[in-house]
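Chain by chain, the residues run as shown.
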Amino acid sequence: MIRFEVGTDDLLHSRFGISPAFELGSLLRVLDGHTHHRLPRAWAARLAPVFRQLRRDTDLGAVLALQTAYFGADFPVQPPQGLAQTWADDLAAVRATPREAARAEVERCLAARPTSDPHVLAVLRGDDVVDRVAEALDRAWHGLMARDWPRLRAICERDVVHRAGRLGGAGWAAALDGLHPRVRWRDGGIEILRSRTHGTVTLAGEGMLLVPSVFVWPTVATHRDDPWPKTIVYPARGIAALWERSDPTGPDALADLIGRSRARLLVALDAPASTTQLARGLGLAPGAVGDHLTVLRKASLVEGARSGRSVLYRRTPLGDALAAEATDPQA
């Protein structure tokens, strides 16, 4: 078990972040078979051929050699600076890595997971290792992640809205409730059960970085070494349903009743979300989402409430009942 001791100042300095680079690294681990997690069949069928081609045509093998754990080498996965983190931000951080720092990370990873592949070793020990790793990562991003990222990012953003509100309003115990079965709040600290590492870590007033993730599911990851702050990466709310239903187009009976797009919106509102988040998550135009929400609101199936600059929509009890009936596999 690893335990993070939380002081009175840590709540003020804790924050959320979204990490496209961590998501890409985790997806690569899944596709390379270094995790028990498997992609939904439709995703795997689409991405596996692209992954194989990238391994043939790029230096992706060198990137994979750095994947010793969820975080692997530090220079391909820099800590996110906030919720607006983009792939361009992450790629720029990789390219800015000093050569000596990259070399030190390479040797650490090779010591933990040796390889005899001559091409991989030539890339990792070459003077241009940073540029070649960055180029391979960029090719992998555009080949494997870019298409799905707006929808996946929207899921992570919705999780942040939910947990940030609970953290600010009711404290750590409320924010961590349901975060992961292995994560708990106990006696003034955050405990990660059955962790690969053990010990007690004091946050020392610097707070915690909480990162919702798509591809870390169904487990949870922690980081406590520089350059990352003390971090918990956890499965975003609703991601299990995405894996179980890789193309959620809305239950047929509900779609027949209120229309397919409105059915998808109603099912997607298992947690509050803005028009923009729903549009990204479902691949619909924001204007169309707004029109459909107006109809659902008039039918008393959803309601909206302002939160800062956004209006968050949620299902009403009637909407919950209708969505539950439609998604019940026994119905």
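What you see is a predicted model, and the numbers here were worked out from it, not measured in a lab.

This part is about empty space enclosed by the protein. Counted by the stated rule, this structure contains one cavity of 30 Å³ or more. Here the largest cavity is characterised by a volume of approximately 40 Å³. What lines the largest cavity is simply Ala21, Gly25, Val63, Gln67, Pro76, Val77 and Leu137. Looking at the lining of the largest cavity residue by residue, the class counts come to five nonpolar, two polar and no charged.

Turning our eyes to something else, we now look at the packing of helix α5 (residues 87-95) against helix α8 (residues 129-145). At their nearest, the axes of α5 and α8 sit 9 Å apart, and the two run at 165 degrees to each other. When the interaxial angle is binned, α5 and α8 end up roughly antiparallel. Between α5 and α8 the crossing geometry is right-handed. Of the residues in α8, those in contact with Trp87, Leu91, Val94 and Arg95 of α5 are Val130, Asp131, Ala134, Glu135, Leu137, Asp138 and Trp141. Its residues assigned to classes, the contact of α5 with α8 shows seven nonpolar, no polar and four charged.

So, about the pairing of strand β4 (residues 189-192). Neither face of β4 is exposed, since Gly189 and Glu191 on one face and Ile190 and Ile192 on the opposite face are all buried. Relative to β4, strand β1 (residues 2-5) runs antiparallel, the two sharing four bridges. Across the sheet, Glu5 pairs through a bridge with Gly189, a residue of β4. Sheet topology note: the strand β3 (residues 183-186)/β4 ladder contains four bridges and is antiparallel. Along β4, the bridge assignment pairs Arg184 with Glu191. The turn joining β3 and β4, which pair antiparallel and follow one another in sequence, is formed by two residues; a positive phi near 50 degrees is taken by Asp187.

Summed over the entire model, instances satisfying the criterion amount to four aromatic pairs. Seen in terms of ring centroids, Trp141 and Trp149 are 5.7 Å apart; in terms of plane orientation they differ by 65 degrees. Their pairing is edge-to-face. Taken individually, Trp141 and Trp149 each receive the classification buried, so the pair is uniform in this respect. By the ring-pair criterion, three or more aromatic residues cluster together here, those being Trp87, Trp141 and Trp149. It is Arg46 that lies over the ring of Trp43; its NZ or CZ is 5.9 Å from the centre.

A few words now on the sheet that holds strand β8 (residues 231-235). With mixed pairing, four strands are arranged side by side in an open sheet as β2-β6-β8-β7. Of all strands in the sheet, those bounded by a partner on one side alone are β2 (15-16) and β7 (221-223). Sheet topology places β2 next to strand β6 (residues 209-213); two bridges connect them, and they run parallel. Paired with Phe16 across the bridge in β6 is Leu210.

With an omega dihedral of 10 degrees, the bond running from Trp217 to Pro218 counts as a cis peptide bond. Among the structural elements, Pro218 can be located in the loop between β6 and β7. Within the chain, Arg194 stands out as a residue other than glycine whose phi angle is a positive 50 degrees. Classification of Arg194 as exposed rests on a relative accessible area of 64%. Look at Ser300: it is not a glycine, yet its phi comes out positive at around 65 degrees. Owing to a relative accessible area of 43%, Ser300 belongs among the partly exposed residues under this scheme.

Right, let's get into the nonpolar core. Within soluble globular proteins, side chains that are nonpolar generally end up buried alongside one another. Ranked by size, the top nonpolar core spans 55 residues in total, and within it Leu28, Leu124 and Leu144 carry the most contacts. Every residue in contact with Leu28, bar those within four places of it in the chain, is listed here: Phe51, Leu60, Val63, Leu64, Ala140 and Leu144. Counting 21 residues, the second-largest nonpolar core is a separate cluster that includes Ala255, Leu278, Ala279 and Leu282.

Here is what the cut-offs are and how they apply
- Residues numbered from 1 in each chain as written.
- Predicted model: local features only at pLDDT ≥ 70, side-chain atom pairs only at ≥ 80, totals over all residues.
- Heavy atoms only, no water.
- 1 Å grid on protein atoms, 1.4 Å probe; cavity = no way out; pocket = protein on both sides within 12 Å on 5 of 7 lines; lining within 4 Å.
- Points joined across faces, edges and corners; volume = space filled by probe spheres on them.
- Nonpolar A, V, L, I, M, F, W, Y, C, P; charged D, E, K, R; others polar.
- Axes fitted to C-alpha atoms, helices over the stretch in contact; angles between N-to-C directions.
- Helix = DSSP H or I, 4+ residues; strand = E, 2+ residues; numbered from the N terminus.
- Parallel < 35°, antiparallel > 145°, perpendicular 65-115°, else oblique.
- Left-handed = near helix turned anticlockwise from the far one by under 90°.
- Contact = heavy atoms within 4.5 Å.
- Buried < 20%, exposed > 50% of the residue type's maximum accessible area, 1.4 Å probe, protein only.
- Pairing = 2+ DSSP bridges.
- Phe/Tyr/Trp six-rings, centres within 6.5 Å; stacked < 30°, edge-to-face > 60°.
- Lys NZ or Arg CZ within 6 Å of the ring centre and 35° of its normal.
- Core = buried A, V, L, I, M, F, W, Y, C linked by side-chain atoms within 4.5 Å.

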